[in-house]
Amino acid sequence: MATLTTRNDSIRHRAALVAVCLALTAVVSAVSSLMVALPDLARATGATQTELSWIVDGYALTFAALLLPGGYLGDRLGRRRVLLAGLTLFVAATLAAGVTDRPAALIGVRVAMGVAAALVMPATLSTITATFPEAERIRGVAVWTGLAGASAVLGLLGSGLLLTWWSWRSIFLLSSTIGGIALIASWRNVPESQEPQTGRFDGVGAALAVVGLGVGVYSIIEAPTYGWSAGRTVVGLIAGAVVLAGFVLWELRTPAPLLDVRLFRHGGFTGGTLAVSALFFLFFGFVFVFVQYLQFVRDWSPLVTACAVLPLAAGLMPGARVAPHLVARFGVRPVCAAGMTLVAGAMCGLATVGASTTYWLVAALLWVLGTGMGWAMTPATSAITDALPRDQQGVASAMNDLARECGGALGIAVLGSILSSTYRSQVQVQRLPATAAERARESVAAATHFGGPVARSARDGFVAGMHHALFTGAGVVALCGLLVVVLLRSREGDGTPPRQLRLAGGQTTRAGRPGSRPGGAEAPRAVRQARPSPFLLDP
């Protein structure tokens, strides 16, 4: 009887894992699935390069900015309940996006999709970490981590297939279909879990976070249009930084913060957060830039473009699965550092490709890039979740998701703006009428439409912009990798082999008692004890 019960529990956990992974795939693939359709979308709607950035980043930025409130709602109201509500809104918004025909309206609908995604994603990981038994929890996090990265590539492939026969609108039908299936599966298979003693909601902190991120990203995306040294750009960047600094100060002083920034005193938590942010900064920024390069410069179809980036997924998913075994042998810090080194090196190689570079070299670099991300992401995610106790897994998953989505939103904004700025400065449009010339400077899709010298100049300018953007991304990952190595030197972040690495605080560690560090020393009180408030741990 006990064996039958164990088997039935295992089946239920697997069904729940499938459901939350479908939900995760729906919201993560929605970030990238539209990227392969950007050339068609630009030609059909007349969207400029800046508007294309907003169509992609309007979703990613809203997603990131509302993740912490989404994690709170899941903890307070029930993760299953919030997951179902988010999936319902996501399906409705994607269906609405399929009938829009203006860039401004599409940006608005994408923002609504971002709100839904912010409800869905924290509930997926926290459901695994809060309801699965220990052995299945570790495997579940590994699967979740691999899908969190690979879903972006899978979204590109699905979109490429659809665009072979239908228009860019069909992409939203794909997203709504995946979301609908995830909704049904979650309703049937995901167990309810919540932390009712979550305290009051930190509305001021949430508002400061949203405003700070919004103003900063807006200034970055609009910088190519107005100039990086323009007054509105400089003032906007300073204002965003000031508001975010105010968020930190508020979180330090309020009795029930949205996020207790004192958590960043924990080396593993800070190192894991920084690693995840840097990896997804590069990942989503790279995908945004690279798929346009394959279509605008190499003139490949959406399907060929999507297939061309499959080596990235072929490296990422196996890399994420093998990472726990590597950490068991070598430890968290060496594996995370090796992964980030591979990512930075592969990106430097990709930053040198041109219009005629052989694809086999590109494919090899993409595989190395994916493998490095897989190696680095799993231990980084575990470092974040391991830092907090079981009843704070809402903030652990939300912080992990926040690091991913903030990194991704900033990557699209920063690398996209570097690309756009370089392109605008190098494209040659002197022979065109004034209106056409301005249009060609704003949109590489419009410039390639003119053909001849203007199209060649546009392609050369785009390649130059891509080089600048990808070298910048490689530098960010390399610098963050060095910082991560330093941060994970603490025994909390590195000394625990994966079989003893815990995804929720308060578990038995090598010392054999709750709340102890590897080696027997007591963990900091900030990690051991939790207050009733949703995200506040004792300093």
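Let me sum up the structure you'll find in this document.

Reading the values: the criteria
- Residues numbered from 1 in each chain as written.
- Predicted model: local features only at pLDDT ≥ 70, side-chain atom pairs only at ≥ 80, totals over all residues.
- Heavy atoms only, no water.
- Helix = DSSP H or I, 4+ residues; strand = E, 2+ residues; numbered from the N terminus.
- Buried < 20%, exposed > 50% of the residue type's maximum accessible area, 1.4 Å probe, protein only.
- Areas by Shrake-Rupley, 256 points an atom, 1.4 Å probe, with all protein chains shown as cover.
- Contact = heavy atoms within 4.5 Å.
- Axes fitted to C-alpha atoms, helices over the stretch in contact; angles between N-to-C directions.
- Parallel < 35°, antiparallel > 145°, perpendicular 65-115°, else oblique.
- Nonpolar A, V, L, I, M, F, W, Y, C, P; charged D, E, K, R; others polar.
- Phe/Tyr/Trp six-rings, centres within 6.5 Å; stacked < 30°, edge-to-face > 60°.

Attention now moves to the overall build of the protein. Regarding its fold elements, the protein presents 21 helices and 0 strands. Here the protein holds 539 residues, and the buried ones make up 61% of them. Element-wise, carbon and sulfur atoms account for 65% of the exposed surface of the protein, whose accessible area totals about 19600 Å².

A few words now on the side chain of threonine 124. Inspection of the secondary structure assignment puts threonine 124 in helix H6 (residues 103–131). Since its relative accessible area comes to 0%, threonine 124 is described here as buried. Not counting residues up to four positions away in its chain, the partners in contact with threonine 124 are Val20, Ala23, Leu24, Leu83 and Trp144.

Where helix H13 (residues 310–330) contacts helix H14 (residues 332–350), the two axes come as close as 7 Å, and the packing angle between them is 130°. The angle between H13 and H14 places the two elements in the oblique class. Taking contact as the criterion, the partners of Leu326, Val327 and Phe330 in H13 are, on H14, Val332, Pro334 and Val335. Per-class residue counts for the contact of H13 with H14 are 6 nonpolar, no polar and no charged.

Within the element layout of this structure, leucine 310 appears in helix H13. Measuring from C-alpha to C-alpha, the distance between leucine 310 and leucine 157 comes to 7.9 Å, with 153 residues separating the pair along the chain.

The next subject is the environment of leucine 22. Position of leucine 22 relative to the elements: it lies in helix H1 (residues 2–32). Along the backbone, leucine 22 and alanine 185 are 163 residues apart, and their C-alpha atoms lie at a distance of 8.3 Å. Excluding its chain neighbours within four sequence positions, the residues that come into contact with leucine 22 are Ile178, Ile181, Ala182 and Ala185.

Glancing now at the packing of aromatic side chains. Under the definition given, this model contains 13 aromatic pairs. Both rings, one in tryptophan 54 and one in tyrosine 218, keep their centres 5.8 Å apart while their planes meet at 35°; by these two values the pair is tilted. Placement of tryptophan 54 in helix H3 (residues 49–65) and of tyrosine 218 in helix H9 (residues 203–226) is noted, with a sequence separation of 164 residues between them. Residue classification places tryptophan 54 among the buried residues on the basis of a relative accessible area of 14%.

Not every positive phi belongs to a glycine, and aspartate 299 is a case in point at roughly 60°. Structurally, the position occupied by aspartate 299 is in the loop between helix H11 (267–297) and helix H12 (302–308).

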